[in-house]
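A structural walkthrough
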Amino acid sequence: VVDLAGKEMDNPTFRSDTVLSDVHLHCPSKRHLMVRSNGVGQPVFLSYFKLLWSTEDLASGKHVREITTGREHQCRSGDELCDKDRSNIKKERELNSEGVEALLDDDGDLEVVRRPRSASDLEAEDLLRDIVCPVILMKGKEDAFEGEEQECTCSDVIKIEHTMATPLEDVGKQVWRAACLLADYILFKRDTFRCCSVLELGGGTGITSIVMGTIAKRVYCTDVGEDLLAMCEQNVALNKHLMEPGGGEVKVKELDWLKDEFCTDPEAPYSWSEEEIADLLDQCSVIMAADVFYDDDLTDALFRTLYRITHNLRNSCTVYLALEKRLNFTLRHMDVTCEAYSHFRNTLNDLENLQDGKMKYTVEPIKLDFCQFLVYERIEQL
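Model, not experiment: these values are computed from the prediction. Along each chain, residues carry numbers from 1 onward, in the same order as the chain's sequence is written. Under the rules for a predicted model, residues below a pLDDT of 70 receive no local features and side-chain atom pairs below 80 are neither given nor counted, while totals for whole chains, interfaces and linings still include all residues. Only hydrogens and water are set aside; all other atoms, that is, all heavy atoms of the structure, feed into the side-chain values.

Starting at the N terminus, helices and strands are each numbered in turn, a helix being any DSSP run of H or I of at least four residues and a strand any DSSP run of E of at least two. Within the protein, the regular secondary structure consists of 13 helices and 15 strands. Between buried and exposed lies partly exposed: a residue is buried under 20% and exposed over 50% of the maximum accessible area for its type, with that area taken using a 1.4 Å probe on protein chains only. Of all 382 residues assigned to the protein, the portion counted as buried reaches 44%. Any two residues whose heavy atoms approach within 4.5 Å at even a single point are treated as in contact. In the protein, once contacts between residues fewer than 6 apart in sequence are set aside, the share between residues at least 24 apart is 70%. Values of accessible area rely on a 1.4 Å probe in the Shrake-Rupley scheme; residue burial ignores everything except the protein chains shown. With an accessible surface of roughly 21,600 Å², the protein has 49% of that area assigned to carbon and sulfur atoms.

Have a look at this one:
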């Protein structure tokens, strides 16, 4: 974002405090509906995140319709797509085999030929990852979207209210790729999480907790900020029908990493009761967090909170951390770096090497070769 000082075009001031997740630009919904403004005046949109299998399939144990990432992929309508695919690949190979001479005209000038559509392009079409733009739902125009809403069946769509571009302190109001990645893993390893009691740190819009709520017994989805927690609670309510068949429950609570205690003030919204704290410490066996490692101070605070909570749990616990490694060019290093990720790794190593006679942490990487259940771009940096 560039702010121009007065009318002088030669003195631009650069600001980098507004960020945008591209998940919303590639999600399978045809439109983003602006449904309201939140408490701080930001527009709130409603998006549909389609599961590649339904909750009915989850209950019956049917296999997922897996997304393949290679050049060979599933046919969409008989042999039609495969024939197109083979034809394009054949043309591409013929073009490559003819060499540079085939690209020159009679005078020896370079003749630019449009690249044939590859299998990956057709695959992207198959996944309905068209870039879309926000559409504001105007008063009296509700009927225009009724057909679209009917297309989204209750059992295979997660409805999420979110904002688009936000200041850095409000990034929890967007949906990020690492949250989709963690949701994929939860659905893939659903037997591992069945009937568990789970705590999510930095739950944001709540999409990962909602997915976990379709499998686990109870999920405490935590974050800070009344406006954000209200949005998260609204999303839990929108998807309550997905959790009811399995008897799962998602509770939205405040958990500030910069404070050493749970908020138990009964007058404060989203505070904890003594019974809920006792239930968490007695029953919790899974802690998860997705895309919360972007600020060094917050990373330190999260690991302190993680240590404090795991130290007080009655049983051993598994922590699942998902993040995107974001590369940036910095003037300080004059190179492409990823300082937030490096700080995360160093802090994680410190936790694993901790020797206080009370806790022992073991860190294990998870290979990303499991199935994809939500439509998003699973990039190498996840």
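Under the convention used throughout, the expected extent of a helix is 1.5 Å for every residue step, that is, one less than its residue count. Here helix H12 (residues 296-312) spans 25 Å end to end across 17 residues, near enough to the 24 Å set by a 1.5 Å rise per residue. Those residues of H12 that sit buried are Thr299, Ala301, Leu302, Phe303, Thr305, Leu306, Arg308, Ile309 and Thr310. Those residues of H12 that are buried lie in contact with strand S9 (197-200), strand S12 (284-290), strand S13 (318-322) and helix H13 (339-352).

A few words on the packing of H12 against H13. Axis definition: a line fit to C-alpha positions, over the contact stretch in the case of helices; interaxial angles, taken between N-to-C directions, run 0 to 180 degrees. Here H12 crosses H13 at 25°, and the two axes come no closer than 10 Å. When the axis of H12 is compared with that of H13, the two are roughly parallel. In the crossing of H12 with H13, the sense of the turn from one axis to the other is right-handed. On H13, the residues touching Asp296, Thr299, Asp300, Phe303 and Leu306 of H12 are Glu339, Ala340, His343, Phe344, Thr347, Leu348 and Leu351. Each residue gets one of three labels, nonpolar for Ala, Val, Leu, Ile, Met, Phe, Trp, Tyr, Cys and Pro, charged for Asp, Glu, Lys and Arg, and polar for the others, Gly among them. Grouping the constituent residues of the contact of H12 with H13 by class yields 6 nonpolar, 3 polar and 3 charged. Here is the rule for angles: anything less than 35 degrees is roughly parallel, anything more than 145 is roughly antiparallel, 65 through 115 is roughly perpendicular, and the remaining ranges are oblique. Note on convention: near helix rotated counterclockwise from far helix by under a right angle means a left-handed crossing. Clockwise means right-handed.

Taking strand neighbours across the sheet as the criterion, the 5 strands line up as S11-S10-S9-S12-S13 in an open arrangement whose pairing is parallel. Only two strands of the sheet have a single partner each, and these edge strands are strand S11 (249-254) and S13. Across the sheet, the axes of successive neighbouring strands diverge by a mean angle of 20°, strand direction being ignored. Strand pairing is defined by DSSP finding a minimum of two bridges between the two strands. Across 4 bridges, the pairing between S9 and strand S10 (residues 218-223) is parallel. The partner of Ser197 across the bridge, within S10, is Arg218. Across the sheet, helix H9 (residues 226-238) touches S10 and S11, and the angle it forms with S11 is around 175°.

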